Number of protein chains: 2
Amino acid sequence: MPKALIERVARYHQIASRAGESGQSQVSSAELAEYVGVDATMVRKDMAIIGVGGRPKVGYFVGDLLARLNDVLGLSRRNEAIVIGCGGLGSAIARYPGFARYGLKIVGVFDSDFSKVGQLVGEHRVLPMEKCKSVIEVFGVRIAIITAPGSRAQQLCDWLITRGIVGIWNFAPVDLRVPPNVAVRNENLGIGAAQLIYHVNNRTTPTAPAP
Amino acid sequence: MPKALIERVARYHQIASRAGESGQSQVSSAELAEYVGVDATMVRKDMAIIGVGGRPKVGYFVGDLLARLNDVLGLSRRNEAIVIGCGGLGSAIARYPGFARYGLKIVGVFDSDFSKVGQLVGEHRVLPMEKCKSVIEVFGVRIAIITAPGSRAQQLCDWLITRGIVGIWNFAPVDLRVPPNVAVRNENLGIGAAQLIYHVNNRTTPTAPAP
């Protein structure tokens, strides 16, 4: 799927999850469209692409929609992950309650700073880096969330890949490079800041009604 | 500019900033292309759109490129911001060193939890929410970074907008709605997780050379 479609599908999944959790049984293409910020025609096209059938004036059944979205995104299986780096951001991620919905399960939190090892971060006790290899093997971990300092992030990333990690979620302030058989997502606060500032400077001002 | 172009421009800005900081005076379209993950033809088209001239076999002068990108994105002026919510994520953002490059200056850090008020977070002393209105007025703050709990985020956002905030950078785990004359950027860890997992499950495996 193209990148923009994957992002929309992830958003459909989020709204469907919330609808399901709040006991809603149906969701309309208009609701999905409003949440994702596209028009209802695009929602219906997307649903056709991923093979979800809707009904006129009813919309989509939340259960069916969610099952299909879980399949498409690969969220049906459990995805074990580890967090490397236990500063403010790493701790916040390790405690983030919203990952269960995605089958993402954090099974280990690591730091190279011995003063942090042994501390509790949410439900996780911080482990020393020497234990990382074993945890990856024991739990079959595929995803590593990196919040280590930028200076060490690429080296760490390369090492994790040799240990069998195939998905890197990077919050260090550098863009990490990975081989083509590894997935990487670089969260980049700077890029976010630049985009927000552009939009602040190019806001649509509400237009006055025509005279 | 369309959304995808804005994101590429933000990335060109990041690579140009780094090149400048490391003393590099020129950058080629191939380097920019590799970093952004597009081809060099698209880089040259983008540069033509934003009005940056390059030279064959030389590329772009970093100083000129950066000046133009700063203008396009609106990063030349200083953008004052406040952080609301001082948990792990809020503290990490308040201490993030990379914002200076974007003219983004955090001038106040707030929390409604009195046990946090008065503590130091990096160079910032945590202020009580009652001081928020004054800080916005005194510094002409336009941007608010919200890391408050999801349950309170929308109400907080609405109030900030009445106080003159025109850009909301939201890290709370809900998507915030704003009027059309306000810019919002919802950072959504769940959407990030779903996209990464999709890519982990749909990795391109290195293809063997044709026989």
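Located above this text is the structure these notes cover.
Nothing here was measured: the structure is a model prediction, and the numbers come from that model. Residue numbers restart at each chain and count upward from 1, following the sequence in its written direction. As they are written, the chains are lettered A onward and the ligands numbered 1 onward, keeping that order. Reporting in this predicted model follows two pLDDT cut-offs: at least 70 for local features of residues, and 80 or more for side-chain atom pairs to be given and counted; totals over whole chains, interfaces and linings ignore these cut-offs and use all residues. Excluding hydrogens and water, the side-chain figures rest on all heavy atoms present in the structure.

### As for the relation of the copies chain A and chain B
And step 1. Only residues with pLDDT of at least 70 in both copies count here: their C-alpha atoms drive the least-squares fit that superposes the copies. Its rotation angle being 180°, the transformation that places chain A on chain B also includes 0.0 Å of axial translation and leaves an RMSD of 0.0 Å. What we have between these two chains is a two-fold relation. Across chain A, the rotation axis passes nearest the C-alpha of Gly-88 of chain A, at a separation of 2.2 Å.
And step 2. Contacts were defined at the residue level, with two residues in contact if any of their heavy atoms lie within 4.5 Å. Mapped onto chain B, 100% of the interface residues of chain A are again interface residues, and the two copies thus contact each other with one and the same surface.

### Quick notes on the environment of Gly-85 of chain B
All names here are of chain B.
And step 1. Here a helix means four or more residues in a row that DSSP labels H or I, a strand means two or more in a row labelled E, and each is numbered from the N terminus. In this fold, Gly-85 is placed in the loop between strand E3 (79-84) and helix H5 (88-95).
And step 2. In sequence terms Gly-85 and Val-109 are 24 residues apart; their C-alpha atoms lie 7.4 Å from each other.
And step 3. Apart from the residues within four sequence positions on either side, Gly-85 is in contact with Gly-90, Phe-110, Asp-111, Thr-147 and Ala-148.

### Re the interface of chain A and chain B
Interface size is commonly expressed as the accessible surface area that is lost when the partners come together.
And step 1. On the chain B side, the residues contacting the 60 residues of chain A number 61 residues.
And step 2. Summed over both partners, the accessible area lost on bringing two parts together, with a 1.4 Å probe, is the buried area. Here chain A packs against chain B, burying approximately 5,500 Å² in sum over the two surfaces, 64% of which is carbon and sulfur.
And step 3. Taken as a group, Leu-189, Leu-196 and Tyr-198 of chain A account for 12% of the area that chain A buries against chain B, more than any other trio of residues on that side.
And step 4. Within this document, salt bridges are pairs made up of a side-chain nitrogen of Lys or Arg and a carboxyl oxygen of Asp or Glu, the two lying within 4 Å of each other. At the surface where chain A touches chain B, the tally comes to four salt bridges.
And step 5. Note that Asp-175 of chain A is salt-bridged to Arg-11 of chain B, the shortest N-O span being 3.0 Å.
And step 6. We call two N or O atoms a polar contact when they sit within 3.5 Å, provided that within protein one can donate a hydrogen and the other can accept it, with sequence-adjacent residues counted only if both atoms are side-chain atoms. Across the contact surface, chain A and chain B share 16 residue pairs in polar contact (both at pLDDT 80 or more).
And step 7. At the level of secondary structure, the elements contributing two or more residues to the side of chain A that touches chain B comprise helix H1 (3-21), helix H2 (29-36), helix H4 (62-73), helix H5 (88-95), strand E9 (167-170), strand E10 (183-186) and helix H8 (189-201) of chain A.
And step 8. Of all the elements, H8 of chain A adds the most residues to the side of chain A that touches chain B, at 13 residues.
And step 9. When residues are sorted by character, Ala, Val, Leu, Ile, Met, Phe, Trp, Tyr, Cys and Pro go into the nonpolar class, Asp, Glu, Lys and Arg into the charged class, and all the rest, Gly among them, into the polar class. Partitioning the side of chain A that touches chain B into residue classes produces 33 nonpolar, 15 polar and twelve charged.

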